[in-house]
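# Coordinates in review
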Amino acid sequence: METIRIATTPFEGQRPGTSGLRKKVKVFQQPGYLENFVQAILDTLPELQGGSLVVGGDGRYFNREAIQVILRLAAANGVRRLIVGRGGLFSTPAVSCVIRKHKTQGGIVLSASHNPGGPDEDFGIKFNSANGGPAPESVTEAIFERTKTIDRYLTLDTPPLDLDQLGTFTLGETEIEIIDPVSDYADLMEALFDFDAIHHLFNSGHFQMRFDAMHAITGPYAVEILENRLGAAPGTVMNGVPLEDFGGGHPDPNLAHAQELVALTQGKDGLDFGAASDGDGDRNMILGHDCFVTPSDSLAILAANAHLLPGYRQGIRGIARSMPTSQAANRVADFLGIECFETPTGWKFFGNLLDAGRITLCGEESFGTGSDHVREKDGLWAVLFWLNLLAVRQQSVAEILTDHWRRFGRNFYTRHDYEAVDLAAAAGLVDHLRRLLPDLPGRQLGAEIVSYADDFAYTDPIDGSVSEHQGLRIGFESGARIVYRLSGTGTSGATLRVYLEYFEPDPMLHQRDTQEAMRPLILIARELAQIEARTGRAEPDVVT
Ligand code: G6P
Ligand code: ZN
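Throughout this document, residue positions are counted from 1 along each chain, in the order its sequence is written. Just so you know, chain letters begin at A and ligand numbers begin at 1, following the order they were written in. The model is predicted, so local features are restricted to residues of pLDDT at least 70 and side-chain atom pairs to those at 80 or more, both for listing and for counting; the totals for chains, interfaces and linings are taken over all residues.

### Brief notes about the confidence of the model for the protein chain
- On average, residues of the protein chain score 96 in pLDDT, and 100% of them reach the 70 mark or higher.
- For this predicted complex, the interface confidence reaches an ipTM of 0.97, while the overall pTM sits at 0.95. Confidence scores per residue from the predictor, reported as pLDDT, run from 0 to 100.

### Quick look at the UniProt feature "domain: Alpha-D-phosphohexomutase alpha/beta/alpha" (unreviewed entry) in the protein chain
- UniProt positions are given in the numbering used here, feature names are shortened, and annotations may be inferred rather than shown by experiment. In the UniProt entry, the feature "domain: Alpha-D-phosphohexomutase alpha/beta/alpha" (unreviewed entry) is given for residues 14-152, 185-287 and 296-408.
- End C-alpha atoms of residues 14-152 are separated by 16 Å, and the span's content is 37% helix alongside 22% strand.
- Elements are defined by DSSP. Helices are runs of H or I of four residues or more, strands are runs of E of two residues or more, and each kind is numbered from the N terminus. Annotated as 45% helix and 16% strand, the span residues 296-408 places its first and last C-alpha atoms 13 Å apart.

### Here we look at the sheet that holds strand E11 (residues 237-238)
- Two strands make a pair as long as DSSP finds a minimum of two bridges between them. Judged by pairing direction, the sheet is mixed, and its five strands sit side by side in the order E11-E10-E12-E13-E14 without closing on themselves. This sheet does not close on itself; its edge strands, each paired only once, are E11 and strand E14 (291-293).
- Bridging between strand E10 (residues 209-212) and E11 involves two bridges; their strand directions are parallel. Pairing of Phe211 across the sheet is with Val237, part of E11.

### Considerations on the domain arrangement of the protein chain
- Where each domain starts and ends comes from a domain assignment, either automatic or drawn from a database. Per the domain assignment, the segments of the protein chain are domain 1 (4-181), domain 2 (185-408) and domain 3 (410-543).
- Inter-centroid distance (C-alpha atoms) of domain 1 to domain 3 is 36 Å.
- Two residues qualify as being in contact provided that their C-beta atoms, derived from the backbone, are within 7 Å of each other. Tallying the contact residues gives ten residues for domain 1 and five residues for domain 3.
- Of all the secondary structure elements, the ones that give two or more residues to the side of domain 1 that touches domain 3 are strand E2 (21-24) and helix H5 (137-147).

### Observations concerning the nonpolar core
- By definition, a nonpolar core groups buried Ala, Val, Leu, Ile, Met, Phe, Trp, Tyr and Cys residues that are joined through C-beta atoms within 7 Å. Field definition: a residue is buried when 20 or more other C-beta atoms are found within 10 Å of its C-beta, exposed when 12 or fewer are, and partly exposed for counts in between, with C-beta atoms placed from the backbone. Among the nonpolar cores identified, the biggest contains 126 residues, and Ala303 and Ile319 are the most heavily contacted of them.
- Among the elements that take part in this core, helix H13 (residues 379-393) stands out by supplying eleven residues, more than any other.
- Taken domain by domain, this core gets at least three of its residues from each of domain 1 (4-181) and domain 2 (185-408).
- Here Ala303 is in contact with Ile316, Ile319, Ala329, Val332 and Leu361, once residues within four sequence places are set aside.
- By size, the runner-up hydrophobic cluster in this structure holds 30 residues, among which are Met323, Leu429, Phe476 and Ile531.

### Considerations on the packing of helix H4 (residues 92-101) against helix H6 (residues 183-192)
- Structural elements are reduced to axes, namely lines fitted to C-alpha atoms, with helices fitted over the stretch in contact, and the angle between N-to-C directions of any two is expressed from 0 to 180 degrees. Contact geometry for H4 and H6: axes closest at 9 Å, N-to-C directions at 85°. In terms of orientation, H4 lies roughly perpendicular with respect to H6. Along the contact surface, H4 presents Pro93, Ala94, Cys97, Val98 and Lys101, while H6 presents Asp184, Tyr185 and Leu188.
- Only Asp, Glu, Lys and Arg are considered charged in this grouping, and only Ala, Val, Leu, Ile, Met, Phe, Trp, Tyr, Cys and Pro are considered nonpolar; every other residue, Gly among them, is considered polar. The residue makeup of the contact of H4 with H6, split by class, is six nonpolar, no polar and two charged. Angle categories are assigned with fixed cut-offs, so that under 35 degrees is roughly parallel, over 145 is roughly antiparallel, 65 to 115 is roughly perpendicular, and the rest are oblique.

### Here's the deal with the sheet that holds strand E17 (residues 361-364)
- As summarised here, the arrangement of the four strands in space is E16-E15-E17-E18, forming an open sheet in which the pairing is mixed. Since the sheet does not close on itself, it has two edges, and those belong to strand E16 (339-343) and strand E18 (368-371), each with one partner. If you compare each strand with its neighbour and ignore which way they point, the axes differ by 15° on average.
- Alignment of E17 against E18, held across four bridges, turns out to be antiparallel. Each residue of the ladder has a partner; that of Gly363, found in E18, is Thr369.

### As for H4
- Counting buried positions along H4 gives nine out of ten residues, so the element sits mostly inside the fold.
- All of the buried residues along H4 are Thr92, Pro93, Ala94, Val95, Ser96, Cys97, Val98, Ile99 and Arg100.
- For H4, the secondary structure elements touched by its buried residues are strand E3 (52-57), strand E4 (81-89), strand E5 (107-110), strand E6 (122-128), H6 and H13.
- Where H4 ends, the next residue or the one after it, Lys103, has phi of about 50°, a positive value.

Here is the structure:
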């Protein structure tokens, strides 16, 4: 079959952000836009020629069209074998699992994660390396550089492939294998967790749960694992049918966007357990009866209990958390006598530590938790981890949480987001803070005394690469912290994130309301950054 060479010119702004290239669908629909980026990936990674690649996405609007484009370009560029999820679907952690299991040279994930989908909403694309994880910055920067000079792409003139039929097909010289997107992943979960124990919990007669797939990719995964393999009652998975626009919702599992589920866990007849995942299946939210587990606490609790579960019985080697994630995990690491790394925001920063065997568990405040079983954060994995824990400890979520705080103390934690802020105002606010930093140590703010203040930079302990300007940290003598960062995943204006944390050793004070307990620190943070004056916002848009 003849390879067609199409002349093209570069598009501005194809630099991948925290997690790949994310833009409005309309931007991706411009002729040549997606083609240029995919060709830039193929040009940057010569190992893909003659190699194999996994392709799939979260099923959002434009997923199917994008897959057809990618398959043609990959075939025209000499990729030997393409593994595609049926219907063009794969959750992000499943792509990671399949890359590793089938030993491919990488994968292309189509998703804008937790951002809404639909013709006027978001789309995204990212490249994952042979280890199954998001490509490191050196690779994403090289891809970006290539997008700036690209002058042609290679494709084939072929009709669209039927993505809904399992089997092996050919496209030019390339073999295309359409596989069930769920089974490899479900098998991996079965190898890590005690499915018998979870099955018993489900059948104990006194355990009620729901998993909210938010009409996104985890529906089919959760039905297969929770209902089919583990025997949860039919209907345990809610909003389980993936839709191109996620039913018009915002597929982000947090207290603001999963209100339906949150309500089900509250009050006299509230469920014992509620969990949700996001658009592409890598995030998780964990709820108990009348109780919410912050992602930071979740990481610490998983670390403290991992040895109770089959896949982690031998103990964990180390932990990593993103910088804005609370220091609760450090307390567990200290207790276990293992290392705890502080990395910049973005799952890609965990990759080297996982590959080098320095860490087993990692997590982020942004509802991401994972381990060395794949190289992405993994929503359903976290849910199964919790279910296995509940089954083994025979305690409720609230009991496990309270127990943990009693043992290690509580790191109260909240994040305040100011969304769609004017770009110049956001940049001005960060500049203002940056200028203040050198004079802060030793200063008293409210009742707190600053012990350090810096612009976070990270040197990767494995490859020595340095990432600068990863957020502004202000640490207090009490152990409290304020972190300011601009989101790397937003698509309109700037999103200012303010992360707040303070440590409370006294169990008598552990049940306080978070926002109330953190009020003094919240006020310090607002005042120091002049948030209202600079952004016009008196209150954050989202509090998690
Ligand atoms: C994505 C990334 C995470 C990151 C999160 C928040 O989910 O995979 O690694 O923590 O976005 O990023 P942001 O830059 O928006 O704070
Ligand atoms: Zn996601």
